[in-house]
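Observations on chain architecture
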Amino acid sequence: MFIATLIAAESIAERDISEAVAQVTPRCAVADWNWIDQGRAADICFAEDPDFAAGVLHGRFDRTDVIIQPAAHRQKRLLVADMDSTMITVECIDELADYAGIKEQVAEVTERAMRGELDFAAALDARVALLEGLDERVIEQCLAERVTLMAGARALVRTMKARGGHAILVSGGFTRFAEPVAAEIGFDRAIANYLEIANGKLTGTVRKPIVGSDTKEKTLLAALDELGIGAVESMAVGDGANDLAMIRRAGLGVAYRAKPIVAGAAAARVDHNDLTALLYAQGIPRSEWVVG
């Protein structure tokens, strides 16, 4: 069995769902559909041809994300998440560069790296080198002034953990941001790059090895082993090319407001909603979310 979850950023009408169900039923053997939260999120349960269902449902509803997955192991026991532009709204290295007066120069490289046009490690080294001499105190200033949690981040992580899940933040960014962000959201741990500092100034270097795509994939696989669960019980979410490996390995790999290379490769994508869409994808209604 399969489930197509429709998640509206605003609202979705029962009539529109019924019309879509009627269209997919002959090919997909629809068993039923039901609300998760009336007017906001609904499940369509069917037995066959998920590709046909995707072709019918994607783009059919205004400002609505559609996530199709096997019904088995729908509730996930492991979440591995990217940080920048996923769990927070900014790219931290771009914001640090703004304090140095070079944001435009650094952000252009960040964008190309996230689109998969540049080698991630080399691009990170090059950008960090431009920050040489920046006062260490700017990190805390940037954290306080620029870093904002993505809507739904706390609810996603805390709800999954309340249900016995495990959550890991793994970032190509920096520990000085990832560790406090992970603590604030409720992650079990954070993995990120270490900015090297001497005499209160950034040295323009990052400790090796660099946390990149390979680290993210290995983190997911190691966590599966530690927890004694299969990949089908995991979820990975990110927006950039360096997230692709873990997204492909997870039971449900999600491209969140992602670059085209990621959106085109991920099994699921969220373009219109906040991170609570990933709770609806697990069939969890708003009344059961852990918020605050």
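Notes on the structure in this doc start here. Only a predicted model underlies this, so the values are computations on that prediction, with no experimental measurement involved. (Residues numbered from 1 in each chain as written. Predicted model: local features only at pLDDT ≥ 70, side-chain atom pairs only at ≥ 80, totals over all residues. Heavy atoms only, no water.)

The six strands lie next to each other as β7-β6-β5-β10-β11-β12, forming an open sheet whose pairing is parallel. The open sheet has two free edges, formed respectively by β7 (189-193) and β12 (268-270), since each of these has just one partner strand. The sheet shows a mean angle of 20° between the axes of neighbouring strands, direction not considered. Bridge count for strand β10 (residues 234-238) against strand β11 (residues 252-256) is four bridges, and the pairing is parallel. Residue A236 lies in a different strand from β11, and its bridge partner there is G253. (Pairing = 2+ DSSP bridges. Helix = DSSP H or I, 4+ residues; strand = E, 2+ residues; numbered from the N terminus. Axes fitted to C-alpha atoms, helices over the stretch in contact; angles between N-to-C directions.)

So, about the pairing of strand β8 (residues 195-198). Sheet analysis places β8 next to strand β9 (residues 201-206), joined by three bridges and oriented antiparallel. Residue pairing across strands places A198 opposite K201, the latter belonging to β9. From the end of β8 to the start of β9, which pair antiparallel, there are two residues, and N199 there has a positive phi angle of about 55°.

With that out of the way, let us pick up the side chain of D84. Along the chain, D84 turns up in the loop between β5 (78-81) and α3 (92-99). Among buried Asp, Glu, Lys and Arg side chains, D84 stands out as unpaired, with K216 the closest opposite charge at 7.4 Å. Of note is the side chain of D84, whose polar atom sits 3.4 Å from the side chain of S171. Ignoring sequence-local partners within four residues, the contact set of D84 consists of V90, E91, C92, S171, G173 and D239. (Buried < 20%, exposed > 50% of the residue type's maximum accessible area, 1.4 Å probe, protein only. Lys, Arg positive; Asp, Glu negative; His and termini not counted. Salt bridge = Lys/Arg side-chain N within 4 Å of Asp/Glu carboxyl O. Polar contact = N/O pair within 3.5 Å; in protein donor to acceptor, adjacent residues only side chain to side chain. Contact = heavy atoms within 4.5 Å.)

For the rest of this paragraph, the subject is helix α9 (residues 213-227). Helix length check: α9, at 15 residues, gives a terminal C-alpha distance of 21 Å against a target of 21 Å (1.5 Å per residue), a fit within 8%. Looking at the buried side of α9, the elements it contacts are β5, β6 (166-174), β7, β10 and α10 (244-249). Taken from the residues just after α9, G228 is the one with a positive phi, measuring 70°. (Expected span 1.5 Å × (residues − 1).)

As a further point, take the environment of I261. Position of I261 among the secondary structure elements: in helix α11 (residues 260-263). Sequence-wise, I261 and P50 are 211 residues apart; in three dimensions their C-alpha atoms are separated by 22 Å. Setting aside chain neighbours within four positions, we find I261 in contact with M114, R115, A241 and L244.

So, about the nonpolar core. L79, M87, L96, F177 and F187 are the most contacted members of the largest nonpolar core, which totals 65 residues. The residues touching M87, leaving out its near neighbours within four places in the chain, are A81, D82, L149, M150, A153, L156, L169, I185, F187, V237 and L275. L6, I12, I17 and L57 belong to the second largest nonpolar core, which has 21 residues in total. (Core = buried A, V, L, I, M, F, W, Y, C linked by side-chain atoms within 4.5 Å.)

Time to look at unusual backbone geometry. Going from K208 to P209, the amide bond is cis rather than trans, its omega being 0°. Backbone geometry at D49 places phi at a positive 55°, although glycine is not the residue there. Summarising the element assignment, D49 is placed in the loop between β3 (41-46) and α2 (50-57). With relative accessibility at 27%, the residue D49 sits in the partly exposed group. Not every positive phi belongs to a glycine, and R63 is a case in point at roughly 45°. Take R63: it is sitting in the loop between α2 and β4 (64-70). Here R63 falls in the partly exposed class, since its relative accessible area comes to 36%.

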